[in-house]
Amino acid sequence: MAFPGTGRIWMNGSLVAWADAKIHIASHVVHYGSAVFEGARCYATPRGSACFRLDAHMRRLQQSARIYRMEYPLDLAGWQSAVLDTIRANKLTACYIRPLVYRGYETLGVNPLPNPVDAAILLWEWGSYLGKDALEQGVDVKVSSWARMAPNTLPAMAKSAANYANSALIKMEAIGDGFTEGLALDVHGNLSEGSGQNLFLVRDGVVYTPPLGSSILGGITRDSVIVLARELGYTVVEATLPREMLYIADEVFVVGTAAEVTPIRSVDRLTVGSGRRGPVTEALQRTFFAVIRGEVPDRHGWLTYVYPGEPTAREAAGAGVGVTG
Ligand SMILES: Cc1ncc(COP(=O)(O)O)c(C=O)c1O
């Protein structure tokens, strides 16, 4: 995935050409990782361009910023408008959305407080994250030798840049060892999450996922999948899970804005189930994709259409979509 290097970036309320969207090397964020961010998606649907759960993403951004005492003077509606305006300004139909709040340029030292809190919104086109066959064939993963952050060290519920130093170690180790992705344990040795995805597994028809207390990011896709799985009639259990559940699960899959719903076909070279996407994973994938592609009524109010003339929330919630595929 290379940046197209085009378009305009929202920086503190102004739209700046991609090539000119620069910050000073002495900015606090460059040295101390003092940023929180979001990753959301806007999908091209038959009824127009729709952002998936934009409100939830921007709320999490505000909460991440609050944890790090770097609140930015935009309310939830203001953040959502800023994203929508930036998509419209760039005339994009589908894109990845990356809002970022960071400590800027004033003085260098561990104390972030003297530095300004700046913000940016970047957009770019982004397809399937784990490879184009991954959604059907599944990917091979390993349990990482790197654990997620211990409680009361770096807050896992904040989507902060600093946490991604840990994710990068997990990802690099996995790639170096010939796997697509790494799954991390928490410091107690229980299942946590992937470098950028939440983890689910299925055993005897029950869907399991690690809880917030297992050093996970409270994923918005995770939340959506839990809702959809329950609606499909599955029992979903959020529980502390031992590592070995991965080796005896019938199905394993990871979820996230980037990975969407991606099956895992092997863990530590042990085949998961039949070695291909399992029926529960497939059912959840189908349901999730139907929602994000606007093919079914938006009963949960999860889609925000971007352009004038596209459905309002009320219209999106109604029937009359009639699109298949
Ligand atoms: C560490 C981590 N866990 C989980 C997720 C999934 O979160 P979401 O579904 O909100 O994208 C992400 C993606 O942002 C992540 O980086």
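Scroll up to find the structure this text is about.
The following paragraphs examine the structure supplied in this document.

**Here we look at the pairing of strand 6 (residues 95–103)**
Okay, step 1: Counted residue by residue, strand 6 has eight buried out of nine residues, so it is predominantly covered.
Okay, step 2: Judged from the three bridges that link them, strand 3 (residues 35–37) and strand 6 form a sheet pairing that is antiparallel. The partner of F37 across the bridge, within strand 6, is L100.
Okay, step 3: As judged from the eight bridges shared by strand 6 and strand 7 (residues 117–124), these two strands associate in the antiparallel manner.

**Notes on the site of the ligand**
Okay, step 1: Neighbouring the ligand are 16 residues; K159, Y164, E193, T221 and T257 lie closest to it.
Okay, step 2: Between the ligand and I220, the relevant distance is 2.8 Å, taken from an oxygen atom to a main-chain nitrogen or oxygen of the residue.
Okay, step 3: In the complex, 95% of the free accessible area of the ligand, which totals 380 Å², lies under the protein chains.
Okay, step 4: Considered class by class, the residues forming the shell around the ligand number three nonpolar, nine polar and four charged.

**Describing the pairing of strand 7**
Okay, step 1: Burial runs high along strand 7: seven of the eight residues are buried.
Okay, step 2: Pairing analysis gives two bridges linking strand 1 (residues 8–11) to strand 7, with the strands arranged antiparallel. Considered in strand 7, the bridge of M11 is made with A120.

**Concerning the pattern of salt bridges**
Where charged atoms from two side chains of opposite charge approach closely, those side chains can pair.
Okay, step 1: Under the counting rule described, the total for this entry stands at 14 salt bridges.
Okay, step 2: In this structure, the salt-bridge partner of E71 is R66, at a minimum N-O distance of 3.7 Å.
Okay, step 3: The exposed category is assigned to R66, whose relative accessible area is 55%.
Okay, step 4: The network of salt bridges with shared partners includes K142, E173 and D177.

**A closer look at unusual backbone geometry**
Okay, step 1: Its identity is not glycine, yet R53 carries a phi of approximately 50 degrees, on the positive side.
Okay, step 2: Here R53 is to be found in the loop between strand 5 (48–52) and helix 2 (54–67).
Okay, step 3: Even without being a glycine, D204 presents a positive backbone phi close to 50 degrees.
Okay, step 4: Relative to the helices and strands, D204 resides in the loop between strand 11 (198–203) and strand 12 (206–209).
Okay, step 5: What makes D204 exposed here is its relative accessible area of 66%.

Calculation rules
- Residues numbered from 1 in each chain as written.
- Predicted model: local features only at pLDDT ≥ 70, side-chain atom pairs only at ≥ 80, totals over all residues.
- Heavy atoms only, no water.
- Buried < 20%, exposed > 50% of the residue type's maximum accessible area, 1.4 Å probe, protein only.
- Helix = DSSP H or I, 4+ residues; strand = E, 2+ residues; numbered from the N terminus.
- Pairing = 2+ DSSP bridges.
- Near = heavy atom within 4 Å.
- Polar contact = N/O pair within 3.5 Å; in protein donor to acceptor, adjacent residues only side chain to side chain.
- Areas by Shrake-Rupley, 256 points an atom, 1.4 Å probe, with all protein chains shown as cover.
- Nonpolar A, V, L, I, M, F, W, Y, C, P; charged D, E, K, R; others polar.
- Salt bridge = Lys/Arg side-chain N within 4 Å of Asp/Glu carboxyl O.

Scope: geometric values only; no functional claims are made or implied.
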